[in-house]
Amino acid sequence: MTRIDDTFARLRAEGRKAFVTYIMGGDPDFDTSLEVLRGLPAAGADIVELGLPFTDPMADGATIQLAAQRALEAGMTLKRTLELARRFREGDSTTPIVLMGYYNPIYSMGVPAFLEAAKAAGIDGLIVVDLPPEEDDELCLPAQAAGLNFIRLATPTTDDARLPKVITNSSGFIYYVSITGITGAASANAARVAPEVARIKAKTELPVVVGFGIRSPETAQDIAAVADGAVVGSAIVSQLGAGKPAAEVLDFVRSLAEGAHRA
């Protein structure tokens, strides 16, 4: 059992849905990012996705791309991102952290060294968007052997033939991408999402959380009502991109969490 498994078990027992937040590690700088990261649980985040800055984030729209650029310009690296997680863990031993990004920085560090460093930093799970199931030997299986959840994305184009491959070797939860396209490109629609979540849940006992296109408390509530939780990323990152102080960003997160938790 990981912290992610424990969190979903607790939420099920409480009859609540998960609210998952995403921020880019080191955006706009290390200290501000750490302040926001530390404040997310008190603002209502049940699980935190910590973005790993990368120069070519092909699944992301302009908001996340610009956040990665700001973080890289501020000196962020994979090691510094793990240091963010380690500093967070000094004051929070229970909130799960999922490192989300691309494989290149991990490959450059080396998988064994990365997994050792991630475990030491308090990372609980990985979302590596450019490693398909056909490459499970590369990172997925070693990560799970090291005690980390490996979380997969399912999308509107994941048909019934592909879905079993997505589910195989997945753990923690399934992340359903509510739109066809990149982050921040469109709005999530609960009526379209609901049957897709049901289709996935018919094939797995893993929780299914939905992300992409959730920008308001109302949408967070609507999406969480038809899934096991809602993920908000670009809407939060855009607040940081606008230069808003950490306290104001966390107030916005709190409003989104209240929406998801009403579901």
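Small disclaimer: the values here were computed from a predicted structure and weren't measured. (Residues numbered from 1 in each chain as written. Predicted model: local features only at pLDDT ≥ 70, side-chain atom pairs only at ≥ 80, totals over all residues. Heavy atoms only, no water.)

**Q** Sorry, what's going on with the pairing of strand β4 (residues 125-128) here?
**A** Along any regular strand the residues' side chains alternate between the sheet's two faces. Side-chain alternation along β4 places Gly 125 and Ile 127 on one buried face and Leu 126 and Val 128 on a second face that is also buried. The pairing of strand β3 (residues 97-101) with β4 spans four bridges and is parallel. Each bridged residue has a counterpart across the sheet, and for Val 98 the counterpart in β4 is Gly 125. Both β4 and strand β5 (residues 149-150) contribute to a ladder of two bridges, which runs parallel. (Buried < 20%, exposed > 50% of the residue type's maximum accessible area, 1.4 Å probe, protein only. Helix = DSSP H or I, 4+ residues; strand = E, 2+ residues; numbered from the N terminus. Pairing = 2+ DSSP bridges.)

**Q** Teacher, can you tell me more about helix α4 (residues 78-89) here?
**A** Its 12 residues give α4 an end-to-end C-alpha distance of 17 Å, which sits within 8% of 16 Å, the value for a rise of 1.5 Å per residue. Taken together, the buried residues of α4 touch α1 (3-14), α2 (30-39), β2 (47-51), β3, α5 (103-109) and α6 (111-121). (Expected span 1.5 Å × (residues − 1). Contact = heavy atoms within 4.5 Å.)

**Q** Looking at this model, I keep getting lost on the side chain of Arg 152. Mind explaining?
**A** By the secondary structure assignment, Arg 152 is in strand β6 (residues 152-154). Only 3.3 Å separates the side chain of Arg 152 from the backbone oxygen of Val 166, close enough to count as a polar contact. (Polar contact = N/O pair within 3.5 Å; in protein donor to acceptor, adjacent residues only side chain to side chain.)

**Q** What's the story with the packing of α4 against α6 in this structure? I'm lost.
**A** Two numbers describe a pair of packed helices, the interaxial angle and the distance between the axes. Their axes nearest at 8 Å, the elements α4 and α6 cross at an angle of 25 degrees. With respect to α6, the axis of α4 lies roughly parallel. Across the interface between the two elements, Leu 78, Leu 82, Ala 85, Arg 86 and Arg 89 of α4 pack against Phe 114, Ala 117, Ala 118 and Ala 121 of α6. Here the contact of α4 with α6 is composed, by residue class, of seven nonpolar, no polar and two charged. (Axes fitted to C-alpha atoms, helices over the stretch in contact; angles between N-to-C directions. Parallel < 35°, antiparallel > 145°, perpendicular 65-115°, else oblique. Nonpolar A, V, L, I, M, F, W, Y, C, P; charged D, E, K, R; others polar.)

**Q** Teacher, can you tell me more about the nonpolar core here?
**A** As a rule of thumb, soluble globular proteins bury nonpolar side chains together. Counting 91 residues, the largest nonpolar core has Leu 40, Phe 114, Ile 123, Leu 126, Leu 139, Phe 173 and Tyr 175 as the members making the most contacts within it. Tallying contributions element by element places helix α12 (residues 246-262) first for this core, with eight residues. (Core = buried A, V, L, I, M, F, W, Y, C linked by side-chain atoms within 4.5 Å.)

**Q** Would you mind showing me how to read the pattern of salt bridges here?
**A** Should the charged atoms of two oppositely charged side chains come close, the side chains can pair. This structure, assessed with the given rule, holds 17 salt bridges. Between Glu 90 and Arg 38 there is a salt bridge, with the nearest N and O atoms lying 3.9 Å from each other. On the criterion of sequence distance, the pair formed by Glu 90 in the loop between α4 and β3 and Arg 38 in helix α2 is long-range, its members being 52 residues apart. Among the residues examined, Glu 90 registers a relative accessible area of 51% and is labelled exposed. Judged by relative accessible area, Arg 38 falls into the partly exposed class, the value being 43%. (Salt bridge = Lys/Arg side-chain N within 4 Å of Asp/Glu carboxyl O.)

**Q** Quick question: what am I supposed to make of the pairing of strand β8 (residues 208-211) here?
**A** Burial of the side chains of β8 extends over both faces: Val 208 and Val 210 are buried on one face and Val 209 and Gly 211 on the other. Sheet analysis places strand β7 (residues 174-177) next to β8, joined by four bridges and oriented parallel. Across the sheet, residue Ile 174 finds its bridge partner in β8, namely Val 208. Pairing of β8 with strand β9 (residues 229-232) involves two bridges; the strand directions are parallel. Residue Val 210 lies in a different strand from β9, and its bridge partner there is Ala 230. What joins β8 to β9 is helix α10 (residues 217-225), and the crossover it makes is right-handed. (Right-handed = clockwise from strand over helix to strand, strands pointing away.)

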